Protein chains: 2
Amino acid sequence: MRIALDAMGTDLAPEPEVAGALQALQHLDADVEIVLVGEEKAVRAELAKHGGAPPRLSVLHAPDRVLASDPPASVIRRKPDSSIVVGLRLHQEGAADAFVSAGSTGAIMATSLFTLRPLPGVDRPAVATTLPTVAGPCLLIDSGANVDCKPQHLVQFAHLGNVYAHDAMGVEKPRVALLNIGEEPEKGSEVIVETHGLLAREAGLHFIGNIEGRDIILGACDVAVCDGFVGNVLLKFYESVAGFLVSLLKAELAGRRPSEKLENVFRVFDYAEYGGAPLLGVGGVSIICHGESPPKAIHNALAVAARSVRSDMVKHSVRGVSARAKA
Amino acid sequence: MRIALDAMGTDLAPEPEVAGALQALQHLDADVEIVLVGEEKAVRAELAKHGGAPPRLSVLHAPDRVLASDPPASVIRRKPDSSIVVGLRLHQEGAADAFVSAGSTGAIMATSLFTLRPLPGVDRPAVATTLPTVAGPCLLIDSGANVDCKPQHLVQFAHLGNVYAHDAMGVEKPRVALLNIGEEPEKGSEVIVETHGLLAREAGLHFIGNIEGRDIILGACDVAVCDGFVGNVLLKFYESVAGFLVSLLKAELAGRRPSEKLENVFRVFDYAEYGGAPLLGVGGVSIICHGESPPKAIHNALAVAARSVRSDMVKHSVRGVSARAKA
């Protein structure tokens with residue numbers, strides 16, 4: 001298996017990418033190869049600091065780089081030699097089995113859609129993010145790709161999230177829930193009420209009904225389905241609140257050793273543990289990382305990509321969504 | 001000024017209500033009177049524990065009580081002798097200037113709408129909640145009353161929140177923002193993009209543009225405008241995350257005295273400090289408290305009610321919304 005890693009994605013690129021790739025190679029199965037896609041000179045210089053490229057690590061030159069200011073939809077046309085376009089083309093052509101990048105989220109999404117194409121039965125691919133909870137990660141889908149959603153889109157998200165939670169997160173029978181403002185089926189907006197009705201009759205899903213905002217942190221479900229507007233507001237809010245409280249906690253400790261329980265909390269709220277957000281519903285594995293990802297986050301994103309490839313997640317997604325189409 | 005306080009609202013009623021009312025009378029201006037509305041025998045028995053009713057405190061008998069299982073819209077018809085209906089009638093008839101209750105949110109909203117009526121120019125009254133941030137409270141409107149909103153509703157919320165932040169929260173020139181998934185005016189759902197255009201041209205508002213989920217905790221605005229679906233999910237999520245982390249923090253301290261900074265955090269995240277959520281856009285002052293409110297929260301809600309009455313908040317709301325109607 002070969003994973004293409006955008007070497008120019010993070011704010012500090014290529015340093016975290018190179019360090020993360022080297023870490024990953026030590027921990028992932030021996031058949032995993034990584035291709036660092038980026039400005040070859042810069043990547044090789046960074047590799048030299050670690051004693052050069054080990055076996056199973058190669059470099060593919062991509063002289064251009066996508067900037068935050070580049071309009072996402074135009075990147076594929078205007079920056080064909082950028083690390084994002086070159087890396088995704090490699091995946092599209094079959095020379096790589098997955099793509100991982102910490103570059104511009106919009107550009108990765110747009111270019112993934114263009115190169116990998118939506119899967120049959122998927123109207124709108126969605127970004128899924130793992131939220132830390134007291135009982136393990138909860139997959140929030142959609143967390144920002146689609147702001148105006150119809151019920152059938154939300155049902156597709158449910159299937160995509162279900163397959164990902166099973167295949168990449170290792171949840172045997174994912175509890176899929178609809179994020180709402182009340183537990184009763186008749187609560188919520190028109191779209192959400194209709195979606196509840198569809199999900200309740202949907203085959204191939206363990207739908208546990210509505211959950212409220214307060215249930216997420218308690219780990220009430222494995223997959224929380226919502227539109228990209230609600231998901232994005234919630235995700236950004238959570239990151240900032242958790243970050244704020246954790247920094248206060250650390251300041252309060254003032255160098256004292258935290259209890260085991262607190263260590264665990266720090267780990268729970270450390271997004272680097274979670275390894276990137278997959279774009280689900282496209283014909284490939286495309287994982288989006290934070291622009292501030294440290295090596296550990298890159299390493300974990302590569303691990304998630306490897307699990308997604310190994311488990312045949314894309315094939316299962318097609319099956320999940322088309323089971324729906326027949327129902 | 002006279003405030004009607006539902007004595008039967010909290011889960012432990014009438015204990016927190018009686019204690020909160022007594023606290024409030026010690027701190028509020030000398031012209032504030034409180035009417036405890038509820039089962040007279042129970043209320044008087046509770047008062048007796050505190051040495052009986054002091055001056056400026058009276059009891060109005062309301063033999064019936066609204067239960068969580070009562071359909072909100074039917075309460076006014078089916079439970080005319082309940083503390084919620086009797087208290088709001090008192091306000092409607094002018095014998096009280098405000099109403100405060102920790103009872104069923106749905107029943108308070110529905111009965112307030114029926115008795116106090118929406119203000120001229122207000123299509124949909126909204127519930128506003130104060131979220132703790134590092135830089136003082138942020139008013140989230142709507143936090144649950146209206147799930148499907150049109151742009152004109154959101155613009156009305158902006159005016160109602162603006163007046164409340166000024167009059168009841170004491171913010172000189174409230175920074176009003178639209179909660180969105182990006183800062184740019186063209187970002188977001190169709191409704192939000194259109195709302196942004198309206199707010200940008202709106203007179204009588206200090207509109208600072210879009211804010212994202214991550215900006216709230218940093219205190220980027222005084223009033224955050226959103227529909228009741230997003231607001232409710234966010235509010236419940238926040239309460240649970242903050243509650244979870246604060247409880248962990250306290251456990252970690254294990255009896256040690258927290259630093260001043262941490263004391264401050266505990267205070268920031270203590271909803272009892274904030275004194276209830278007003279239903280804005282009706283012809284009166286109706287404040288909704290948590291069902292688990294301790295005396296301090298009841299006290300603060302009474303203080304908020306007094307400030308709203310004193311500042312002529314309702315009159316200013318009419319002016320704010322009708323300035324809009326003319327524009």
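Every value quoted in this text rests on a predicted model; they were computed, and no experiment measured them.

Criteria and thresholds
Residues numbered from 1 in each chain as written. Chains lettered and ligands numbered in written order. Predicted model: local features only at pLDDT ≥ 70, side-chain atom pairs only at ≥ 80, totals over all residues. Helix = DSSP H or I, 4+ residues; strand = E, 2+ residues; numbered from the N terminus. Rg over C-alpha atoms; globule rule 2.2 N^0.38 Å. Buried ≥ 20, exposed ≤ 12 C-beta atoms within 10 Å, placed from the backbone. Pairing = 2+ DSSP bridges. Axes fitted to C-alpha atoms, helices over the stretch in contact; angles between N-to-C directions. Contact = placed C-beta atoms within 7 Å. Nonpolar A, V, L, I, M, F, W, Y, C, P; charged D, E, K, R; others polar. Parallel < 35°, antiparallel > 145°, perpendicular 65-115°, else oblique. Left-handed = near helix turned anticlockwise from the far one by under 90°. Right-handed = clockwise from strand over helix to strand, strands pointing away. Domains from an automatic or database assignment.

Draft legend 1. Quick look at the overall build of chain A. In terms of helices and strands, chain A carries twelve helices and eleven strands. Against the globule reference of 20 Å for 327 residues, chain A gives a C-alpha radius of gyration of 20 Å, in line with a compact fold. The C-alpha extent of chain A, read off along each of the three principal axes, is 60 × 55 × 40 Å. When the 327 residues of chain A are sorted by exposure, 55% land in the buried category.

Draft legend 2. The arrangement of the sheet that holds strand 6 (residues 138-141) of chain A in detail. Residue and element names in this part refer to chain A. On the basis of which strands lie adjacent, the open sheet formed by eleven strands has the order 3-2-1-4-11-10-5-6-9-7-8 and mixed pairing. Each of the sheet's edge strands pairs with one partner strand only, and the pair in question is strand 3 (57-61) and strand 8 (207-211). On average, adjacent strands in this sheet sit at an angle of 25° to one another, irrespective of strand direction. Pairing geometry for strand 7 (residues 176-179) and strand 9 (residues 223-225), over three bridges, is parallel. Bridge pairing in strand 9 places Ala177 opposite Ala224. Its contacts with the sheet place helix 6 (residues 151-167) against strand 5 (126-131), strand 6, strand 7, strand 9 and strand 10 (277-280), and it is angled at close to 165° to strand 9. In this fold helix 7 (residues 190-200) packs onto strand 7 and strand 8, with an angle of close to 170° to the strand it touches most, strand 7.

Draft legend 3. Broad picture of unusual backbone geometry. In this structure, Pro14(A) follows Ala13(A) across a cis peptide bond, with omega equal to 0°. Take Pro14(A): it is sitting in the loop between strand 1 (2-6) and helix 1 (15-27). Note that the residue after Ile141(B), namely Asp142(B), is joined by a cis bond; omega there is 10°. Mapped onto the elements of the fold, Asp142(B) is located in the loop between strand 6 (138-141) and helix 6 (151-167). With a phi close to 60°, Asp312(B) is a non-glycine residue in the positive phi region. Counting through the fold element by element, Asp312(B) comes out in the loop between helix 11 (295-310) and helix 12 (313-326). Classification of Asp312(B) as partly exposed rests on a count of 13 C-beta atoms within 10 Å.

Draft legend 4. Focus on the sheet that holds strand 10 (residues 277-280) of chain B. Residues and elements named next belong to chain B. In spatial order, the strands read 3-2-1-4-11-10-5-6-9-7-8; together these eleven strands make up an open sheet with mixed pairing. Each of the sheet's edge strands pairs with one partner strand only, and the pair in question is strand 3 (57-61) and strand 8 (207-211). Taking the axes of each pair of neighbouring strands and ignoring which way they run, one obtains an average angle of 25° across the sheet. Note: strand 1 (residues 2-6) against strand 2 (residues 33-38), five bridges, orientation parallel. Among the inter-strand pairings, Ala4 is bridged to a residue of strand 2, identified as Val35.

Draft legend 5. Layout of the pairing of strand 10 of chain A. All names here are of chain A. Side chains Ala277 and Leu279 project from strand 10 onto one buried face, and the interleaved Pro278 and Leu280 project onto a second face that is buried too. Judged from the two bridges that link them, strand 5 and strand 10 form a sheet pairing that is antiparallel. Across the sheet, the residue bridging to Ala126 is Leu280, located in strand 10. The pairing of strand 10 with strand 11 (residues 286-288) spans three bridges and is classified as antiparallel.

Draft legend 6. Broad picture of the interface of chain A and chain B. At the junction of the two partners, chain A supplies 36 residues and chain B supplies 36 residues. If you list the elements that add at least two residues to the side of chain A that touches chain B, you get helix 8 (213-216), helix 9 (228-253) and helix 10 (260-268) of chain A. Per-element tally for the side of chain A that touches chain B: the top contributor is helix 9 of chain A, with 18 residues. When its residues are assigned to classes, the side of chain A that touches chain B shows 22 nonpolar, seven polar and seven charged.

Draft legend 7. Summary view of the packing of helix 1 of chain A against helix 11 (residues 295-310) of chain A. Residues and elements named next belong to chain A. Where helix 1 meets helix 11, the axes come as close as 7 Å, and the angle between the chain directions of the two elements is 50°. With respect to each other, helix 1 and helix 11 are oriented oblique. Crossing of helix 1 over helix 11 shows right-handed handedness. Residue-level inspection shows Pro16, Glu17, Ala19, Gly20, Ala21, Gln23 and Ala24 of helix 1 in contact with helix 11, the latter providing Pro295, Ile298, His299, Leu302 and Ala303.

Draft legend 8. Quick look at the pairing of strand 8 of chain B. Residue and element names in this part refer to chain B. In this structure, strand 7 (residues 176-179) lies alongside strand 8, joined through four bridges in parallel fashion. Looking at strand 8, one finds that Leu178 is bridged to Asn210. Following the chain from strand 7 across helix 7 (residues 190-200) to the adjacent parallel strand 8, one finds a crossover that is right-handed.

Draft legend 9. Structural detail: the domain arrangement of chain A. All names here are of chain A. Along its sequence, chain A is organised into domain 1 (1-120 + 281-311) and domain 2 (123-274). Using only C-alpha atoms to locate each centre, domain 1 and domain 2 end up separated by 25 Å. Contact residues are listed per partner, giving 16 residues for domain 1 and twelve residues for domain 2. Of all the secondary-structure elements, those providing two or more residues to the side of domain 1 that touches domain 2 are helix 5 (105-116) and helix 11. A per-element tally of the side of domain 1 that touches domain 2 places helix 11 first, with six residues.

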